[in-house]
Amino acid sequence: MFKKIMVAADGSDHSVQAAEYARELAVKFGGAVDVVYVVNGENARADALHHNDPFEIEKARKEKISQVRAEFEEAQFDYELHILHGDPGPTLVEFVETEGYDCVVLGSRGLNKLQKFLLGSVSHKVAKRVNCPVLIVK
C-alpha cells in the first residue's frame, strides 16, 4: 500500500516522532522512506554566517536532523536523505508530486494562533495540496 514514503524533518521533536511512524509504516508495508529537510532563506543565511566551508554547512544541516536520522540508523533501516531549498510548504508539495510518493508523514508544529491564521502551518499546507495520504503526527 505505502511503498514510497516521505517524512519531513526539521529537527523538532514532532519530526522525530514522524520519522518513527514513517519507519513503522515502511516496515509494515515493505516500503522505502525518504527523509526530506527543507532549508528556507532565513536558515540558509544563518548557516552561511556561522560556517565558512560548504562542507561545514552540509554537516551542520545533517546534525540538525541527527535525531531523525538516528531513528532509522539505530533500527538499521535504509533511507535516503534529501536537502532541498525554498519555502518549506510549497517545496515539499512540489517534491512529493514530482517524486510520486504514496504517503507523506509530517510532524505538527505549535504555532501560536496569530501565526497559524496569517501563515498556516507547513503540515496544513502540505496536507491540503498533495494528492496522497498525509499522516500528521503530534
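Residues numbered from 1 in each chain as written. Predicted model: local features only at pLDDT ≥ 70, side-chain atom pairs only at ≥ 80, totals over all residues. Heavy atoms only, no water.

S.K.: Just checking my understanding: could you explain the side chain of Ser-123 for this structure?
M.R.: Position of Ser-123 relative to the elements: it lies in helix α7 (residues 122-129). Once you skip the residues sitting within four places of it in the chain, Ser-123 turns out to touch Leu-106, Gly-107, Ser-108 and Ile-136. (Helix = DSSP H or I, 4+ residues; strand = E, 2+ residues; numbered from the N terminus. Contact = heavy atoms within 4.5 Å.)

S.K.: What is the right way to look at helix α4 (residues 66-74) in this model?
M.R.: Each α-helix turn comprises 3.6 residues. Residues three or four places apart therefore point the same way. The set of residues buried in α4 consists of Val-68, Glu-71 and Phe-72. Buried residues of α4 fall within an arc of 85° about the axis and therefore sit on the same side. Looking at the buried positions of α4, the neighbouring elements they touch are β1 (4-8), α1 (13-29), β2 (32-39) and β3 (79-85). The first or second residue beyond α4 is Gln-76, which carries a positive phi of 55°. (Buried < 20%, exposed > 50% of the residue type's maximum accessible area, 1.4 Å probe, protein only. Arc of directions from axis to C-beta.)

S.K.: Please explain the nonpolar core as it appears in this structure.
M.R.: Nonpolar side chains in soluble globular proteins generally cluster together in the buried interior. One finds Ile-5, Val-7, Val-33, Val-68, Phe-72 and Val-105 to be the most contacted residues of the largest nonpolar core, which totals 21 residues. Counting residues per element, the ones that place at least two in this core are β1, α1, β2, α4 and β4 (103-107). Among the elements that take part in this core, α1 stands out by supplying six residues, more than any other. Look past the residues within four positions of Ile-5 in its chain and what remains in contact with it is Ala-22, Leu-25, Ala-26, Ala-32, Val-33, Asp-34, Tyr-101, Cys-103 and Val-105. By size, the runner-up hydrophobic cluster in this structure holds 15 residues, among which are Met-6, Phe-95, Leu-106 and Cys-132. (Core = buried A, V, L, I, M, F, W, Y, C linked by side-chain atoms within 4.5 Å.)

S.K.: Can you walk me through the sheet that holds β3 in this structure?
M.R.: Think of a sheet as strands paired side by side through backbone hydrogen bonds, with each pair either parallel or antiparallel. Ordered in space as β3-β2-β1-β4-β5, the five strands form an open sheet in which the pairing is parallel. Across the chains shown, the open sheet's two edge strands, defined by having one partner strand only, are β3 and β5 (134-137). In this sheet, neighbouring strand axes are inclined to one another by 20° on average, regardless of whether the strands run parallel or antiparallel. Two elements, β2 and β3, share seven bridges in a ladder whose sense is parallel. (Pairing = 2+ DSSP bridges. Axes fitted to C-alpha atoms, helices over the stretch in contact; angles between N-to-C directions.)

S.K.: Sorry, what's going on with the packing of helix α5 (residues 88-99) against α7 here?
M.R.: Packed helix pairs are characterised by how far apart their axes lie and by the angle those axes make with each other. Packing of α5 against α7 leaves a shortest axis separation of 8 Å and a crossing angle of 35°. Considering the relative orientation of α5 and α7, their crossing is right-handed. Between α5 and α7, the contacting residues are Pro-88, Gly-89, Leu-92, Val-93 and Glu-97 on the first element and Val-122, Lys-125, Val-126 and Arg-129 on the second. Considering only residue class, the contact of α5 with α7 consists of five nonpolar, one polar and three charged. (Left-handed = near helix turned anticlockwise from the far one by under 90°. Nonpolar A, V, L, I, M, F, W, Y, C, P; charged D, E, K, R; others polar.)

S.K.: Would you take a moment to explain unusual backbone geometry for this structure?
M.R.: Unlike most non-glycine residues, Gln-76 shows phi in positive territory, near 55°. Examined against the element boundaries, Gln-76 turns out to sit in the loop between α4 and β3.

S.K.: Could you clarify how one ought to interpret the pattern of salt bridges in this entry?
M.R.: Between side chains of opposite charge, a pair can form when the charged atoms approach closely. Taken as a whole, this structure holds two salt bridges when the rule is applied. For Arg-69, the salt bridge is made with Glu-73, and the minimal N-O distance between the two is 3.9 Å. With Arg-69 and Glu-73 both in helix α4 and four residues apart, the pair spans about one turn of that helix. (Salt bridge = Lys/Arg side-chain N within 4 Å of Asp/Glu carboxyl O.)

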